[in-house]
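Observations on chain architecture
The primary structure of each chain is shown beneath.
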Amino acid sequence: MVMGMPEKNRWPAAKASVMDECKPKLKTLEFDPMGIDEDDLLNLALEIFLEIGVHQGLGIETEKIQGFLLGVRDRMLENPFHNWAHVFDVTQTCYALVLLSKGRDHLSDMQVFGLMIATLCHDLEHPGVNNQFLVKSKSSLATLYNNESILEKHHAFRAFELMLHPGIDLLSAFSKDEYDAFRQLVMSLILATDMARHNEYVVNLKTHAKGQGAPGLDPLLYMELLLKCADISDGLKPFDITKKWTLRITDEFFLQGDMERASGMDVSCMCDRTSQSRVAVQKGMIDYIVLPFCTLLAEVIPALQEAFGQIAMNRSIWDTYDDALLLEEVGKKDTGLMKAATPLRVVTWNIAAVNNNPFEYWVTHGQTSQSEGYAQLMTDVQMLIDNPETRDFKVGDVVTDDMIQELVASLTEHGCGGVELLLDVWRAEYKDRYAIAGFLKDKGIGSKRLISMPDRISNTINSEGTVLMRPSVISMFNDEGLSTTAGWWELWKQYIFSTQVKVLDRNKPNHFNYLFVVGMMQKISRHKYPAITEAEEAMSIPLQLMALAIFDGVLLHILNTLAPETWQPIKVSLCEAFNQNKGQKVISILERSYSDADVIFIQEAAAAFVEAAKQGLGRKYMILRPYLLDGFRNQNSIILAKRVFFVEGSTIDVTEHVIRLAGGGKWIAAGDLCAMTMQGLDGKRYFLASFHGDTNGMASLPVLRALNEAISTYYPDHVLICGMDANTHKKHSDSTQGFQNFHESFMDMGMVSCWGLSPSLSTWTTRNARTYLQPQLQKAVGIADVASKGDTNLKDWIVFHSGLMEASQEQRDN
């Protein structure tokens, strides 16, 4: 699934006072983006493109530039240094260097445009650690890019992924040859920023004649040199600006060192806050990187010599500084300003309560024209499924041999293993079953996840800004083709086998794959779901899709029999009330009801919600998410940390570390956990974790134990706060985590929760009841039993170590 795209009407209005003050400085090396509002930086970035004035001549509308700028801004993470301000700074500096070096007239419009795009994207989605760290930590990115120019290749990939997104389509006016040349240019420029290649450019500069100027250089080399210079330009800015960047970059270095130390790695020299000073780091960077490179560059391009004189001046000033003076002058936030006793308001919320199936839960459907019809429809469905008797029908009466043969042919065409036995299984085990008594009510199908697993993956897919839905009663899909089984079947086949989607790779951070929907299906593991046989496991993908086709066909037949004229209008009204624009509705609730929260733990969020939250809540909260998101199940945990409570740029993503402590992927799938450490303005260092447990809650204790081990062994000076949907239940068993056992177990680890020392079943946080129109019929509850037999459990917890914090007040808003 692709991240949500910026809306065109989200472009912020330009502030005349800011533009008037800042525009003259855009052409100089004296511009300071720090402290300027992010929206104002967007307008100033656009101003650079307008001043260059080449995009429209290349067939690129200004609106597309705006969309692209929004996309870049929204994809930058909350790092101390590698963030939106840095990206803007490098872009503005490179623009100024082009003008100062008098090289603009020696570049084509395409080359100038490519240079500006490359500067914007040279650190796109930077994780806040360097290539060496990614290699040492055996990161998925290091594996993906074979340990070479890891971040630079990733930035370039993400740049073109963004440019080519249908919501932006920045390069649509380019011919194939123009696109190929442009891609090669931008790739080369971004790869030039890899510091592992720095000496290569130093040697190259030494071979060029002094004083030849920009015209004497190869255009590509000229652009690479300017981008490299802009990327390390902190030291050639006025000292009041350079010292701010020094604080930010050393903050990021030291955070990487903290992570290296906590993970048992050797701490990189410049990243060790216990032995390294910030001033010494900056002096070393000037002496060994910035000054030698810029001296050579100014010899080749004399027009830059005067501007580069600032470097030597800065170096002299640094000799009069130590870290204490730097911190005092830069005005680093005083963590003592907030009293330690200031209450911390914390919220946890699993936002998946309204899923993509509009019929999944019994609801009060308001006072709409469809209210009465909804109640009647759901009651009729329940009565039929509870007592089908003579109204039951054979599976083969709805899903025919011809349909299954078409299914087998399509599965074979897509190379699905195990398909050769599917026809035999169909004829022997499924065709002659009664559809309701023998299929829908078969608990074995539910325990094997033959329907719920493929439904979860295929029900609703966000791909390149488009929401795709499986033609089914239990999705938001709406089409007149659902009026007949034949019409539905054609739509269903097309969706599963002919619809290509772009989804996040589960095993590679921020990497996307183009897949047909059938290619997203996953095998069902017998280890995780022991009810499935060895033979069924081997053919589980074909078996899942056959079961899903039967399920969808049977439900469609039931509704077209019971309420052929009304069920689809009722479904549309439910979608409008509960499902459509779900992300924006959640954000609206957060803004309206939880505006005083300092930390908000979110679980089961779609990957697109991360960007929606950043757009809607980003001014107030840092939106923290694990680097590896889940785009298949769309069940991601994130954390919203209020900017006025936490020190911006102090965040370390420790999610992968905790996952390793919990035994790798045994208990935690991609996106289930988000774990971050960060500094509070109250002087404390916090360890924040958001987690969503499995259905039976069996992963919740292993994850808490891993968090406890992380705190006690690696982060002993941190305060742990974990918001989680633990999926705890009334009774404990070998296969189900009981709430009381869960409570006693974390108490043994020295932890307590927001529910005090004696949590009660009366303190339920989940209260719902599933209808008969959903893939796990064993969970269905009749309308008369909603109150007594629904899922009423204490599942949501905020957990922390006793002695470090205490719950002063708690509330539920169910």
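Remember, predicted model here, so these are calculated numbers, not experimental data.

Scanning the chain for helices and strands turns up 32 helices and 16 strands. On C-alpha atoms alone, the chain measures out to a radius of gyration of 29 Å, which is about the 28 Å that the 2.2 N^0.38 rule sets for 814 residues. Oriented by its inertia axes, the alpha-carbon framework of the chain measures out at about 95 × 65 × 50 Å. Intrachain contacts of the chain at a sequence separation of at least 6 include 75% that bridge at least 24 residues. Across the chain, the centroid of the 76 positively charged side chains sits 3 Å from that of the 101 negatively charged ones.

Another aspect to go through is the sheet that holds strand S13 (residues 751–753). The strands making up a sheet associate through backbone hydrogen bonding, with each pair oriented either parallel or antiparallel. Sheet architecture is open: six strands sit in the order S9-S10-S11-S12-S16-S13, paired in mixed fashion. Across the chains shown, the open sheet's two edge strands, defined by having one partner strand only, are strand S9 (652–653) and S13. Judged from the three bridges that link them, S13 and strand S16 (residues 796–801) form a sheet pairing that is antiparallel. Note that in S16 the partner of Ser753 across the bridge is Val799. Where helix H30 (residues 700–714) meets the sheet, it contacts strand S10 (673–679), strand S11 (685–692), strand S12 (718–725), S13 and S16, and its direction lies at approximately 170° from that of S12.

Okay, the environment of Ala726 next. The residue Ala726 is located in the loop between S12 and helix H31 (739–748) in this model. Those residues in contact with Ala726, other than ones at most four positions away along the chain, are Gly697, Ser700, Phe742, Lys795 and Trp797.

Moving on, we get to the sheet that holds strand S7 (residues 621–624). With mixed pairing, the four strands of this open sheet are ordered in space as S1-S6-S8-S7. Strands at the two margins of the open sheet, each flanked by one partner only, are strand S1 (346–350) and S7. Across the sheet, the axes of successive neighbouring strands diverge by a mean angle of 15°, strand direction being ignored. Direction of pairing for strand S6 (residues 599–605) relative to strand S8 (residues 636–642): antiparallel, over a ladder of five bridges.

What follows concerns the pattern of salt bridges. The final tally for this structure, using the stated rule, is 37 salt bridges. Residue Asp109 pairs with Arg104 through a salt bridge whose shortest N-O separation is 3.1 Å. The salt bridge involving Lys493 is made with Glu406; its shortest N-O contact spans 2.6 Å. Residue Lys493 is found in helix H23 (residues 485–498), and its partner Glu406 is found in helix H18 (residues 401–413); the two are separated by 87 residues along the sequence. Residue classification places Lys493 among the buried residues on the basis of a relative accessible area of 16%. What emerges from the salt-bridge pattern is a single network uniting Asp37, Glu38, Asp39, Arg73, Asp74 and Arg619.

This brings us to helix H25 (residues 540–562). In a regular helix each residue adds 1.5 Å, so 23 residues correspond to 33 Å; H25 covers 32 Å between its end C-alpha atoms and thus fits that length. Within H25, 20 of the 23 residues are buried, which leaves the element mostly enclosed by the surrounding structure.

When you tally the buried positions in S8, you get seven out of seven residues, the bulk of the element. What you see with S8 is no split at all: Asn636, Ile638, Leu640 and Lys642 on one side and Ser637, Ile639 and Ala641 on the other are buried throughout.

A word on the pairing of S11. Along S11, eight of the eight residues are buried, which leaves the element largely enclosed by surrounding structure. The two faces of S11 match: Arg685, Phe687, Ala689 and Phe691 on one face and Tyr686, Leu688, Ser690 and His692 on the other face are all buried. Across eight bridges, S11 lies against S12 in parallel orientation. Residue pairing for S12: Arg685 is matched across the bridge by His718. Traced from S11 through H30 to S12, the parallel crossover comes out right-handed.

Let us now look at the confidence of the model for the chain. Summary statistics for the chain give a mean pLDDT of 89 and a share of 94% for residues scoring 70 or more. Across residues 1–8, where pLDDT falls below 50, the model places 41 contacts with residues more than four positions away in sequence or in other chains.

Thresholds applied
Residues numbered from 1 in each chain as written. Predicted model: local features only at pLDDT ≥ 70, side-chain atom pairs only at ≥ 80, totals over all residues. Heavy atoms only, no water. Helix = DSSP H or I, 4+ residues; strand = E, 2+ residues; numbered from the N terminus. Rg over C-alpha atoms; globule rule 2.2 N^0.38 Å. Contact = heavy atoms within 4.5 Å. Lys, Arg positive; Asp, Glu negative; His and termini not counted. Charge placed at Lys NZ, Arg CZ, Asp CG, Glu CD. Pairing = 2+ DSSP bridges. Axes fitted to C-alpha atoms, helices over the stretch in contact; angles between N-to-C directions. Salt bridge = Lys/Arg side-chain N within 4 Å of Asp/Glu carboxyl O. Buried < 20%, exposed > 50% of the residue type's maximum accessible area, 1.4 Å probe, protein only. Expected span 1.5 Å × (residues − 1). Right-handed = clockwise from strand over helix to strand, strands pointing away. pLDDT = per-residue confidence, 0-100.

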